[in-house]
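Topology and contacts: notes
Listed below, chain by chain, are the residues.
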Amino acid sequence: MKTETKKAGWGHRSLMLILMIYLLLPLLATFIYAFAREWQATILPESWTLEWFKEMFQDVRFLEALWTSLYLCIISVVLSLVVMLPAVFIITVYLPKLETFMKGIVVLPYAVPGVVAAVGLIRAYSTGPINITGTAYILIGAYFIIILPYMYQGIRNSLLTVSAVELLNSAEMLGASRYKAFVTVILPNIWPGVVTSTLLSFSVLFGEFVLTNMLVGGHIQTIQVYLYQRVNESGHLASAIAISYFVFILVLSMILMKLGKKVNKGIS
């Protein structure tokens, strides 16, 4: 019995190792290429350099594009969180009959291709009283729709996991108002799920290119549009931008997770 368990354990570990190598190998190759000066017919680069990173950080357009992507994603995620958190809570706790309808609504971003969505948004908001084509407003609205499934499903799963209805009823029986019960009982219990949904949504938006390029590519330069414009100039420079982009997302996610834990402790 123990031998079979060990064999199963080694099988799972081997599969996970192969999967990790498969996922990390392209990233490793990109990382090496970003520091390579010449890399033609050898396994490793013939010479190394920091020239591509220096050129990237000296380019004002890169810093501006990074800041633009950052604040647009933050605004979109915060707006989605402010709208979706109370909405999902009310639907899950007080209006469970609407869940079937909401499930159908939140999967629409998956059903509509990015190109079709961009063309529809441009046609809808290029004329008339709401002429916002090419502005940050239309991009924030599109971002809100993109992360709708992640926000809804993450918050809903957290509410169901902690049995929010029972917790709310218990808090009200002990004399707490609905608002106080939500803030002091429900929110601390679902906060890890909310943080996870927020991080996932931010990562999805920070990597979005099709909608961004089609909606505001000629007016607002985000980091995705900047990377697309520079990729044909130099493969080394594009690799340096991609690695910096990945490291930025990783560091930002770690900071947000730390802040989430501190906020959770403060709420508790």
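Residues numbered from 1 in each chain as written. Predicted model: local features only at pLDDT ≥ 70, side-chain atom pairs only at ≥ 80, totals over all residues. Heavy atoms only, no water.

Per an unreviewed UniProt entry, the chain is named Putative spermidine/putrescine transport system permease protein, and its organism is Fontibacillus solani. Under the Sequence similarities (unreviewed entry) heading, UniProt states for the chain: "Belongs to the binding-protein-dependent transport system permease family." (UniProt positions renumbered as here; feature names shortened; annotations may be inferred.)

According to the domain assignment, the chain consists of domain 1 (10–48) and domain 2 (51–266). Listed as interface residues are eight residues of domain 1 and, on the opposing side, 10 residues of domain 2. Summed over both sides, the interface between domain 1 and domain 2 buries roughly 810 Å², with carbon and sulfur atoms accounting for 71% of that surface. Taken as a group, Leu27, Tyr33 and Ala34 account for 54% of the area that domain 1 buries against domain 2, more than any other trio of residues on that side. Taken together, the links from domain 1 to domain 2 amount to zero salt bridges. (Domains from an automatic or database assignment. Contact = heavy atoms within 4.5 Å. Buried area = accessible area lost by both parts, 1.4 Å probe. Salt bridge = Lys/Arg side-chain N within 4 Å of Asp/Glu carboxyl O.)

Taken N-terminus to C-terminus, the directions of helix α3 (residues 60–93) and helix α12 (residues 223–230) make an angle of 145°; their axes are 8 Å apart at the nearest point. Within the contact between the two elements, α3 uses Arg61, Phe62, Ala65, Leu66 and Ser69 and α12 uses Ile223, Gln224, Tyr226 and Arg230. Here the contact of α3 with α12 is built from residues that sort into five nonpolar, two polar and two charged. (Axes fitted to C-alpha atoms, helices over the stretch in contact; angles between N-to-C directions. Helix = DSSP H or I, 4+ residues; strand = E, 2+ residues; numbered from the N terminus. Nonpolar A, V, L, I, M, F, W, Y, C, P; charged D, E, K, R; others polar.)

Inspection of every chain in the model, using the stated rule, returns 10 aromatic pairs. Between Phe62 and Tyr226, the ring centres sit 5.8 Å apart and the planes meet at 50°, which makes this aromatic pair tilted. Of this pair, Phe62 sits in helix α3 while Tyr226 sits in helix α12, and the two are 164 residues apart along the sequence. A residue is classified by how much of its surface remains accessible, and Tyr226, at 0% relative accessible area, is buried. (Phe/Tyr/Trp six-rings, centres within 6.5 Å; stacked < 30°, edge-to-face > 60°. Buried < 20%, exposed > 50% of the residue type's maximum accessible area, 1.4 Å probe, protein only.)

Our focus in this paragraph is the side chain of Thr222. Structurally, Thr222 can be placed in the loop between α11 (210–216) and α12. For Thr222, a relative accessible area of 1% translates into the label buried. Apart from the residues within four sequence positions on either side, Thr222 is in contact with Ala65, Thr68, Ser69, Leu72 and Thr212.

Turning our eyes to something else, we now look at the environment of Glu38. By the secondary structure assignment, Glu38 is in strand β1 (residues 36–38). C-alpha of Glu38 to C-alpha of Ile249: the two residues are 211 residues apart in sequence and 28 Å apart in space. Not counting chain neighbours up to four residues away, the residues in contact with Glu38 comprise Pro45, Glu46 and Ser47.

Evaluation of the coordinates by the stated rule reveals three salt bridges. Note that Asp59 is salt-bridged to Arg61, the shortest N-O span being 3.2 Å. Accessibility expressed as a relative area gives 14% for Asp59, which makes it buried. Across the salt bridge formed by Arg178 and Glu172, the nearest N and O atoms sit 3.4 Å from each other.

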